[in-house]
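Now for the letters of each chain:
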Amino acid sequence: MRGPTSRARRGAAAGGTAGRTSRTSAPDRSMYRRERPVPMRSCPAALYNNLSVLPLPAPGLTQFALVHGPTAQLLSAAPDGLPVSQRQLHTKDGAGPGFPLITQAYWCVLPFRVLLVLTSQRGIQIYESDGSVMVYWHALDSTDASPVQALFARGIAASGHYICVGTWSGRVLVFDVPAKGPNIVLSEELDVHQAPITDIAAEPAQGQDCVADVVTADDSGLLCVWKSGPEFKLLTRISGFGTPCPSVQLWQGSVAAGYGDGQIRIYEASSGALHVQINAHARGICALDLAPEAGKLLSGAEDSFVHIWKLSRNPHSGCIEVEHCHAECVTDTQVCGARFCDLRGSSFAVTGYDLAEILRYSCV
Amino acid sequence: MSVRTLPLLFLNLGGEMLYILDQRLRAQNVPTDKARKDEWTEVDRKRVMNDLISTMFNKKFLEELFKPQELYSKKALRTVYDRLAHASIMRLNPASMDKLFDLMTMAFKYQVLLCPRPKDILLITFNHLDAIKNFVRDSPDIMNQVDETFRHIIEVYGCLPAGEFQLIRQTLLLFFQDMHIRVSIFLKDKVQNSNGRFVLPISGPVPWGTKVPGLIRMFNNKGEEVKRMEFKHGGQYVRAESEGSFELSGDRVLTLGTNMYSASRPVETRVSGALKNSSLNTKDNIAARTLAKEELNFLARLMGGMEIKKTSGPEPGFRLNLFTTDEEEEHAALTRPEELSYQVINIQAAQDQQRNEELTRIMGEFEIHDQPQQSTSKGDDLLAMMDEL
């Protein structure tokens, strides 16, 4: 079934793609419409992956977290866009000039609890999911730093009962989290990356064949695929040849990576084989998200576009295939965060630099 | 966050400042033989430009600038430009200085936002430096200073990886966050919307190294392409034709950073109204109203390197007005919203015995925001730092 191509808001011409190549199959085109945005007091910082979403038990209520600079803001909103509550969190004061900046806020969903993790120029702060209580603080180790290096933590993911956090040096810290209480322990330090970590993704191990469940990405575009556990095991390395990889996702043994040159590449996690290459955006990608139940991938970039892709595994070849589902133009906005709001991908939220509201879209 | 951002911020903002001042000086230009004592002539204009550029590119000053350090606040930076603007016979009233700073910052914000690749920030910087060299083409000594800096930039930034440039860009955008001042020339050219946000085009050439969006290629496990599909991405992009030159001279290709003002286009700013829910909490308020001790130290170090020429003898300072009339300037000063006030600090880093007394007086004049666990290694005492220079 073919539907109209996109619901781009304004000025998006039906681009003339001269000479179609091969075949274009009938795509699964989902239609999304814009919902009431959630207003904010100030605009988000132009950082990677600058939005985290946590659906709450109360029907229709969603919680959002994003970074402004020295503060992170948590807001919960009802479907009609009206903010229900909001809270601001600051960096824990450390030694040094100026106000330390927060680089990322992310909710880690673990088997028995949900924790909110903030990374900053000073270290890692872990809170209860509503941000009310800080349960753990880890200060960054600056001993190996040269004066020209910027120090910060960045890149957060949860795998089982582990929380992985990346740092400026390329080191990835693995924390072991108990089912409750503040006794979080630094379990391991992974020293493979040589460039600052940008993003980390994880997914539950998919049966016996699929062992890869964590992927780390850095500023040089290098991807490392790991098997999590008491001792993390490095399975594959996939080079990026110098182009930063700001955002990465993992789905059914496939790594989806968004790059600073606007490309999305999808690799087989265990072998590193390239399966899909998409010339997706005209500027650097800043955010990727996955709706695991539907195999939908969301990409947001500085070109002001958000795209939704459908991933599927070809039953004959076993390789990952991709179709384009939806294009959304967030007029005059450099997208800095984009997340699905539910596991099926029937709604998503977007943040942008200089935009004082969280935009929301849902399927019609 | 990136500790290499300050030189790029300073030089690009400085470049914009020179474009604006040059335009205003030309607009107020009067032929030498007809000039009254208080009117600007061509000779005066060249002298002002030479004085400003020679101060900006002072070796000692740039040494301090290029040291790896975090970016300071808009307030601190504004103080440096205020001092710089007065390193000549030119005088600016606070209202004109405010307007100048608004224009400079919004122009550079626009350039950073529209910069195709993070690395292209260097091309924007080179455009500014090329223009600055042109301003002083009749003064070989100052040209040399600028060329030295040019070479230094190529040395420091030329080989940085893409990730580092992106960090620099993110740091710059943090500096410009929440600035939405509307500029007439931008509104007229339709590069800025009436809400103060810039227009981001979704057509034109893609950045060098990026492919035009629209193609999906799928491969099998042997690496052979098995399927190819196109999709409608919504924009109208074309291939990039060439990469700009990162050498000392060459075609930069990018026009961002070139002079957009001309004598016939008066520059106006309309100061945007207060944000709806702009009530900052106490911590942010303290930050907004005071300069941290570190910023004071930074200012002292920077301005210690600035050689300020004293206007000696009967020579008057010439007043430059950035508005069309004196009444407009007065009105602007009275109606500037509270939260956009820069509250300039007048620090005179004069290099004589009065220096210490002056600094003590200044220290007493405003609140110092103490950082709790202040390390003692860098010398907290402002006076001690000045003595070390």
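Just so you know, the residues in each chain are numbered from 1, in the order the chain's sequence is written. Chains and ligands are labelled by the order in which they are written, letters from A for the one and numbers from 1 for the other. Where totals are concerned, whole chains, interfaces and linings use all residues; where local detail is concerned, this predicted model gives features only for residues with pLDDT of at least 70, and gives and counts side-chain atom pairs only at 80 or more. Neither water nor hydrogens contribute to the side-chain values; these are computed over all heavy atoms in the structure.

- Going by the annotation in an unreviewed UniProt entry, the name recorded for chain B is Organic solute carrier partner 1, with Sarcophilus harrisii given as the source organism.

- Under an unreviewed UniProt entry, the name given to chain A is WD repeat domain 54, and the source organism is Sarcophilus harrisii.
- UniProt positions are given in the numbering used here, feature names are shortened, and annotations may be inferred rather than shown by experiment. Comment text from UniProt for chain A, heading Subunit (unreviewed entry), reads "Homodimer and homotrimer; forms tight forms of dimers and trimers. Interacts with IZUMO1 and IZUMO1R/JUNO."

### Some points on the overall build of chain A
- Put simply, DSSP marks the helices as runs of H or I at least four residues long and the strands as runs of E at least two long, and each gets a number from the N terminus on. Check the secondary structure of chain A and you find zero helices and 29 strands.
- Long-range contacts, defined here as pairs at least 24 residues apart, represent 50% of the contacts in chain A between residues at least 6 apart.
- Method for areas: the Shrake-Rupley scheme with a 1.4 Å probe, in which residue coverage is limited to the protein chains shown. For chain A, the accessible area works out to roughly 13000 Å², and carbon and sulfur atoms hold 52% of it. Note on definitions: a residue-residue contact is assigned when non-hydrogen atoms from the two residues lie within 4.5 Å.

### Thoughts on the packing of helix α4 (residues 74–85) of chain B against helix α5 (residues 94–114) of chain B
Residue and element names in this part refer to chain B.
- At a minimum axis separation of 11 Å, α4 and α5 run at an interaxial angle of 115 degrees. Helix-helix and strand crossings are classified by hand; for α4 and α5 the assignment is right-handed. Residues Lys 74, Leu 77, Arg 78, Tyr 81, Asp 82 and Ala 85 of α4 form the contact with α5, whose own contacting residues are Pro 94, Met 97, Asp 98, Phe 101 and Met 104.
- Charged residues are taken to be Asp, Glu, Lys and Arg, nonpolar residues to be Ala, Val, Leu, Ile, Met, Phe, Trp, Tyr, Cys and Pro, and polar residues to be all remaining types, Gly included. Residues that form the contact of α4 with α5 fall into these classes: seven nonpolar, no polar and four charged. Axes, fitted as lines to C-alpha atoms, cover a helix only where it is in contact. Angles between the N-to-C directions of the axes lie from 0 to 180 degrees. We call a crossing left-handed when the near helix sits turned anticlockwise from the far one by less than a right angle, and right-handed when that turn is clockwise.

### So, the sheet that holds strand β4 (residues 215–219) of chain B
- Strands qualify as paired when DSSP identifies two bridges or more between them. Ordered in space as β19(A)-β20(A)-β21(A)-β22(A)-β4(B)-β5(B), the six strands form an open sheet in which the pairing is antiparallel. The open sheet has two free edges, formed respectively by β19 (247–251) of chain A together with β5 (225–230) of chain B, since each of these has just one partner strand. Mean inter-strand twist for the sheet, computed between neighbouring axes without regard to direction, equals 15 degrees.
- Bridge count between β19 of chain A and strand β20 (residues 254–258) of chain A: five bridges; the pairing is antiparallel.

### Details of the confidence of the model for chain B
All names here are of chain B.
- For every residue, the predictor reports its confidence as pLDDT, a number between 0 and 100. Residues of chain B with pLDDT of at least 70 account for 71%, and the chain-wide mean is 77.
- For the stretch residues 273–289, pLDDT sits under 50, and the model shows 16 contacts to residues farther than four places along the chain or on other chains.
- Counting interchain partners and residues more than four positions distant, the pLDDT-below-50 stretch residues 311–315 has three contacts.
- Both scores are given for the predicted complex: the pTM is 0.85, the ipTM 0.89.

### Focus on unusual backbone geometry
Residue and element names in this part refer to chain A.
- In the Ramachandran plot, Asn 49 falls in the positive-phi region, its phi being about 50 degrees despite a non-glycine side chain.
- Residue position: Asn 49 is located in the loop between β2 (38–39) and β3 (52–55).
- Residue classification places Asn 49 among the buried residues on the basis of a relative accessible area of 3%. Exposed residues in this analysis have more than 50% of their type's maximum accessible area, buried residues have under 20%, and partly exposed residues fall in between, with area computed by a 1.4 Å probe over protein chains only.

### A few points about the pattern of salt bridges
Residue and element names in this part refer to chain B.
- Throughout this description, the term salt bridge denotes a Lys or Arg side-chain nitrogen within 4 Å of a carboxyl oxygen of Asp or Glu. Overall, the coordinates contain 23 salt bridges over all chains when judged by the stated rule.
- The residue Glu 243 makes a salt bridge to Arg 117 at a minimum N-O spacing of 3.2 Å. Residue Glu 243 is found in the loop between β6 (236–238) and β7 (269–270), and its partner Arg 117 is found in the loop between α5 and α6 (121–135); the two are separated by 126 residues along the sequence.
- Look at Glu 243 and you get partly exposed, because its relative accessible area is 34%.
- Residue Glu 148 pairs with Arg 151 through a salt bridge whose shortest N-O separation is 3.5 Å.

### Quick look at the packing of helix α1 (residues 5–27) of chain B against α6 of chain B
Residue and element names in this part refer to chain B.
- Their axes nearest at 9 Å, the elements α1 and α6 cross at an angle of 45 degrees. Between α1 and α6, the angle falls in the class oblique. In this structure, the crossing between α1 and α6 has a hand that is left-handed. Residues Leu 8, Asn 12, Gly 15, Glu 16, Leu 18, Tyr 19 and Asp 22 of α1 lie in contact with α6, whose contacting residues are Ile 121, Leu 122, Ile 124, Thr 125, Asn 127, His 128, Ala 131, Ile 132 and Phe 135. Reported orientations rely on four angle classes, namely roughly parallel under 35 degrees, roughly antiparallel over 145, roughly perpendicular from 65 to 115, and oblique for the rest.

### What about the environment of Leu 92 of chain B?
All names here are of chain B.
- Examined against the element boundaries, Leu 92 turns out to sit in the loop between β1 (90–91) and α5.
- For Leu 92, a relative accessible area of 8% gives the class buried.
- Here the alpha-carbon distance between Leu 92 and Arg 301, two residues 209 residues apart in the chain, equals 24 Å.
- Beyond its immediate sequence surroundings of up to four residues, Leu 92 is in contact with Ala 85, His 86, Met 97, Leu 100, Leu 320 and Leu 322.

### Points about the environment of Val 133 of chain A
Residues and elements named next belong to chain A.
- Within the element layout of this structure, Val 133 appears in the loop between β9 (123–128) and β10 (134–139).
- Overall, the relative accessible area of 44% leaves Val 133 in the partly exposed class.
- Sequence separation between Val 133 and Leu 116 is 17 residues, and the spatial gap between their C-alpha atoms is 9.9 Å.
- Not counting residues up to four positions away in its chain, the partners in contact with Val 133 are Ile 126, Tyr 127 and Glu 128.

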